[in-house]
Amino acid sequence: MVDYHAANNQSTGGPQTYMEQENDWDRDLLLDPAWEKQQRKTFTAWCNSHLRKAGTQIENIEEDFRDGLKLMLLLEVISGERLPKPERGKMRVHKINNVNKALDFIASKGVKLVSIGAEEIVDGNAKMTLGMIWTIILRFAIQDISVEETSAKEGLLLWCQRKTAPYKNVNVQNFHISWKDGLAFNALIHRHRPDLIDYDSLRKDDPVTNLNNAFEVAEKHLDIPKMLDAEDIVNTARPDEKAIMTYVSSFYHAFSGAQKAETAANRICKVLAVNQENEQMMEDYEKLASDLLEWIRRTIPWLENRTQEKTVKDLQARQEDFRDYRTVHKPPKVQEKCQLEISFNTLQTKLRLNNRPAFMPSEGRMVSDINTAWHTLEGAEKGYEEWILSEIRRLERLEHLAEKFHQKAAIHESWTDGKEAMLTQKDYETSTLSEVKALLRKHEAFESDLAAHQDRVEQIAAIAQELNELDYYDAASVNARCQKICEQWDILGSLTHRRKESLERTEKQLESIDELYLEYAKRAAPFNNWMEGAMEDLQDMFIVHNIEEIQGLITAHEQFKSTLPEANKEREAIQAIQAEVQKIAQSNGIKLSGANPYTTITPQSIDSKWEKAMAMVPQRDTALQDELNKQNSNDSLRATFAKQANTVGAYIQAKMEEIGRISIEMNGTLEDQLTNLQEYQKSIMSYMPEINKLEGYHQHIQEALIFDNQYTSYTMEHLRVGWEQLLTTIARTINEVENQILTRDAKGISQEQLYEYRASFNHFDKDHSGALKADEFKACLISLGYDVENDKQGDGEFNRIMGIVDPNNTGFVTFQAFIDFMSRETTDTDTADQVIASFKILAGDKNFITADELRRELPPDQAEYCIARMAPYAGPDAVPGALDYMSFSTALYGESDL
């Protein structure tokens, strides 16, 4: 037999076949007798439920459709359309023509009839007739069923699962054995008409009673004819799936009104879920912003604390605390700040995509407020670090000056010890002429010594003044000691003057004086003072910061050593004077008293000091060489840090330029761009060990108290800021792509549209800044067909658009704002009117809704969410407990206040 309809559809290129698996009715495969029986009964009842509308019915499904008349009538009833006029003849050809007209009509609805021909129907082929009726049921009773973007069989199964989910002992997984115990049928009825079924009285072990109860109630109260016998279902291991689907589809259509309410409830649930998610994101932002601002508020006073420490060790402890803050406490806060900006941008994007008003954080918690506070924090941080370094220098200087002050003061006090007693004695009154002359010469030598010590006193006073100016913590004791030295010095000057006057008066009466002793005293005193000064210089502490300074000290020391031969000659000459005195005394038989009457400086003390000074020279050599080695080491640290810093700085600069190009020249799908950016972010984070290595070098630099570096222009602070900016930039770029994906998915924008928008945006972004100026944006709009020419009407339209894309009047339009505007112009979103219409369906067309109705139609959490926020309804038709869903719906979209 020629398959007329298959050939007809092939030749005309008809529409896509519907449920080809279900239509693939194998003409040679025998039906299970039980299934065939169930299909006959179910399909006959289904056909009669429609034919009775035309005042007729069938008794035998394969016999009554043979002439094609009732088949055409059935199709007219279920489709609401007129078929071609049937042929009334009784001949076989007339019947075939009528059946073909019916089959042609079925095929015109997009149904491919496989292996079903008019001849089989006319010949009363039961299997082919049942297959044809099943195809009609699929097309006109099941095809249009749609639940949550699924259709036909899957949609009907999902509808059954959702409706029966709350009922115990019901688990609908298919259209055969899941229905054998009858509980699923009863659950469907009870869900929509609880007044018709006492569900709790049903027992799972009594399927026949359950099935009969459901079938009888459906026939009596729901106008659904009984299509199956309970015994046929129970006694069959696996009921016929097509019979069950046909029967269940009648329940679906009977409850189609309730389905509309469910759709309305789904829309409201979706809107409320979005609102709840946005509110949670707002709360999370507020808390994170509050915590971060509180941490900044607590940290800034600590960074602004300028309480001075007494020692370098105490200040270094504070420096260590600051280093812990930089490496341990601050990095998590940098991440929190970045996450806060990302969360804020994501929230604003979601609000725009869902047609919600923009989120305005609490006062003082805007992203700009946080950036301002962060800028203040970094300013305080920079100031604190500079203060610590300057304080270390100051304290080092203070400790060095204090040590020098006490050293010089001790030497001076040692020298002045007993001088007052010497100057106030009256020994010249009982002395001989030679003794008086000796006393006078001695006094002259003392005056020379006194004048030589004047420089030391001035140095002590100058050091004390500098300690006061640098705010030395023990300045009081320094001032007291300096005051005592100065007062004693004035007394010594006054006593020296009076004694000299007394000796000069006596000198006229006394003439004898020992010239040799006098010459010895005059030369020994300055030489002795020179040795004391040399010893003081050799013991003098020094502090240097670079190689040039230590080399200068070494050069000065070498110059000092070059003067030692001349100094030794002077020492030998002084000792020769003393030897000459001894020779003259021996030659002339003079008995010396053993002491030079003009000075207390003995040859032995000169030799002793000379030996001490000579011993100090190699010690000074060693100390200077050690310091030179230290400065060479410090210079090596500078070079190591500079090499790493120059590498890191160039890397950061290159990556910043590279991410700028990537953000403008993005290619591929948004998902590809996001994947590439995330991989790029990982590659950047893999560079972190180099940053840590540089931090380690920087720590060595600080520990060595190195304050300058001529090998590089980079500082650790600059590199830290650059690294943080690099991480923040890549995170913001990733966030921008994520928001574009959100926009594309929410608005249905195709990838080609996004490419077109990006190409237009980049074309007019002449400076590649990632934002369009107002004139660039206008040119872009004109290129896209918008009427914003330079006239009154065009300017008005352009100002309206600028108000949308640049609400803060910055004068720039970002790509995200451009995408949001274009998606809003080309797609549709939920509106307040749509939500109001959905609530109106749930409320049974009333102007208000009750709490019971909300709890019945919505999930518990969203029902309670609405009840808590809806204002009482105050209209003339209000009833107790009436709620105003209209004002609630407009508030969701920012058109009124909740």
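Residues numbered from 1 in each chain as written. Predicted model: local features only at pLDDT ≥ 70, side-chain atom pairs only at ≥ 80, totals over all residues. Heavy atoms only, no water.

As annotated in an unreviewed UniProt entry, the protein chain carries the name Actinin alpha 4 and is attributed to Cyprinodon variegatus. UniProt, in the comment section headed Sequence similarities (unreviewed entry), describes the protein chain in these words: "Belongs to the alpha-actinin family." (UniProt positions renumbered as here; feature names shortened; annotations may be inferred.)

Engineer: Outline the overall build of the protein chain, supporting the account with residue identities and numerical values.
Structural biologist: For the protein chain, the count of helices and strands is 34 helices and six strands. Within the protein chain, buried positions represent 45% of all 898 residues. Considering only contacts within the protein chain whose residues lie at least 6 apart along the sequence, 75% involve residues at least 24 apart. Surface exposure of the protein chain reaches about 44900 Å², of which carbon and sulfur atoms provide 50%. (Helix = DSSP H or I, 4+ residues; strand = E, 2+ residues; numbered from the N terminus. Buried < 20%, exposed > 50% of the residue type's maximum accessible area, 1.4 Å probe, protein only. Contact = heavy atoms within 4.5 Å. Areas by Shrake-Rupley, 256 points an atom, 1.4 Å probe, with all protein chains shown as cover.)

Engineer: Break down the packing of aromatic side chains for me, with residues and values.
Structural biologist: Under the counting rule described, the total for this entry stands at 27 aromatic pairs. For the pair Tyr247 and Phe251, a centre-to-centre distance of 5.7 Å together with 45° between the ring planes defines the contact as tilted. Pair noted here: Tyr247 and Phe251 are both in helix H13 (residues 241–254), with a separation of four residues, about one helical turn. In textbook terms, an aromatic cluster arises when at least three aromatic residues are bridged by ring pairs, as seen for Phe175, Trp179, Phe185, Phe215, Tyr247 and Phe251. (Phe/Tyr/Trp six-rings, centres within 6.5 Å; stacked < 30°, edge-to-face > 60°.)

Engineer: Which residues make up the side chain of Asn709, and what are the values?
Structural biologist: Within the element layout of this structure, Asn709 appears in the loop between helix H25 (688–703) and helix H26 (716–747). For Asn709, the side chain forms a polar contact with the main-chain oxygen of Arg638, separated by 3.0 Å. Within the structure, the side chain of Asn709 is placed 3.0 Å from the backbone nitrogen of Tyr711, a separation counted as a polar contact. Not counting residues up to four positions away in its chain, the partners in contact with Asn709 are Arg638, Phe641 and Ala642. (Polar contact = N/O pair within 3.5 Å; in protein donor to acceptor, adjacent residues only side chain to side chain.)

Engineer: Run through the pattern of salt bridges, naming residues and quoting values.
Structural biologist: Counted according to the given criterion, the structure contains 51 salt bridges. One salt bridge connects Glu695 with Arg720, and the closest N-O pair in it is separated by 3.0 Å. Residue Glu695 is found in helix H25, and its partner Arg720 is found in helix H26; the two are separated by 25 residues along the sequence. Look at the salt bridges and you will find they share partners, linking Arg326, Lys330, Glu378, Glu381, Glu385, Glu695, Glu717 and Arg720 into a network. (Salt bridge = Lys/Arg side-chain N within 4 Å of Asp/Glu carboxyl O.)

Engineer: Give a description of the packing of helix H3 (residues 33–51) against helix H5 (residues 69–79) that names residues and reports values.
Structural biologist: Packing of H3 against H5 brings their axes to within 9 Å, and their N-to-C directions diverge by 65°. Classed by the angle they form, the pair H3 and H5 counts as roughly perpendicular. Of the two elements, H3 crosses H5, and the hand of that crossing is left-handed. In contact with Trp46, Cys47, His50 and Leu51 of H3, H5 contributes Lys70, Leu73, Leu74, Val77 and Ile78. Classifying every residue of the contact of H3 with H5 by side-chain character gives seven nonpolar, one polar and one charged. (Axes fitted to C-alpha atoms, helices over the stretch in contact; angles between N-to-C directions. Parallel < 35°, antiparallel > 145°, perpendicular 65-115°, else oblique. Left-handed = near helix turned anticlockwise from the far one by under 90°. Nonpolar A, V, L, I, M, F, W, Y, C, P; charged D, E, K, R; others polar.)

Engineer: Explain the environment of Leu754 to me, using residue names and the numbers behind them.
Structural biologist: You can see Leu754 is positioned in helix H27 (residues 751–764). Along the backbone, Leu754 and Ile819 are 65 residues apart, and their C-alpha atoms lie at a distance of 8.0 Å.

Engineer: Mind laying out the environment of Ile224, listing which residues take part and the relevant values?
Structural biologist: You can see Ile224 is positioned in the loop between helix H11 (207–221) and helix H12 (230–234). Residues Ile224 and Ala254, 30 residues apart in the sequence, show an inter-C-alpha distance of 7.8 Å. Beyond its immediate stretch of four places on either side in the chain, Ile224 contacts Ala218, Glu219, Tyr247, Ser250, Phe251 and Ala254.

Engineer: How would you summarise empty space enclosed by the protein if you had to cite specific residues and measurements?
Structural biologist: Counted under the stated rule, the structure contains two cavities of 30 Å³ or more. By volume, the second largest cavity amounts to about 40 Å³. What lines the second largest cavity is Met422, Gln425, Leu439, Lys442, His443, Phe446 and Arg499. Top element by residues in the lining of the second largest cavity is helix H18 (residues 433–469). It accounts for four residues. Of the residues assigned to the lining of the second largest cavity, the class counts are three nonpolar, two polar and two charged. (1 Å grid on protein atoms, 1.4 Å probe; cavity = no way out; pocket = protein on both sides within 12 Å on 5 of 7 lines; lining within 4 Å. Points joined across faces, edges and corners; volume = space filled by probe spheres on them.)

Engineer: Talk me through unusual backbone geometry; I want residue IDs and the actual numbers.
Structural biologist: The phi torsion at Asp223 lies on the positive side, around 60°, for a residue other than glycine. Counting through the fold element by element, Asp223 comes out in the loop between H11 and H12. In this model, Asp845 sits at a positive phi of 70°, which is unusual for a non-glycine residue. Mapped onto the secondary structure, Asp845 falls in the loop between helix H31 (832–842) and helix H32 (851–857). Accessibility expressed as a relative area gives 58% for Asp845, which makes it exposed.

Engineer: Which residues make up the nonpolar core, and what values do they have?
Structural biologist: If you look at the biggest cluster of nonpolar residues, it comprises 77 residues, and the most contacted ones within it are Ile136, Trp179 and Phe185. The greatest single-element share of this core, amounting to 11 residues, is contributed by helix H8 (residues 126–142). Not counting chain neighbours up to four residues away, the residues in contact with Phe185 comprise Trp179, Leu211, Ala214, Phe215, Ile244, Tyr247, Val248 and Phe251. The next biggest cluster of nonpolar side chains, apart from the first, holds 45 residues, and it includes Ala645, Val648, Ile706 and Leu754. (Core = buried A, V, L, I, M, F, W, Y, C linked by side-chain atoms within 4.5 Å.)

Engineer: Tell me what's going on with the confidence of the model for the protein chain, and back it up with residues and numbers.
Structural biologist: The predicted model of the protein chain has a mean per-residue pLDDT of 81, with 90% of residues at 70 or higher. This stretch, residues 509–513, has a pLDDT under 50; its non-local contacts, to residues over four places away or in other chains, come to 17 contacts. (pLDDT = per-residue confidence, 0-100.)

Engineer: Residues and numbers for the packing of helix H10 (residues 183–192) against H11, please.
Structural biologist: It is the contact of H10 with H11, at a shortest axis distance of 8 Å, that shows an interaxial angle of 35°. The interaxial crossing formed by H10 with H11 has left-handed handedness. On the side of H10, the interface is formed by Leu183, Phe185, Asn186 and Ile189, while H11 contributes Asn210, Leu211, Asn213, Ala214, Phe215, Val217 and Ala218. Tallied by class, the residues present in the contact of H10 with H11 amount to eight nonpolar, three polar and no charged.

Engineer: Outline the environment of Gly770, supporting the account with residue identities and numerical values.
Structural biologist: You can see Gly770 is positioned in the loop between H27 and strand S3 (771–773). Take Gly770: its relative accessible area is 32%, and that puts it in the partly exposed class. Sequence separation of Gly770 and Thr814 is 44 residues, and the distance between their C-alpha atoms is 6.5 Å. Beyond its immediate sequence surroundings of up to four residues, Gly770 is in contact with Phe761, Asp765, Thr814 and Phe815.

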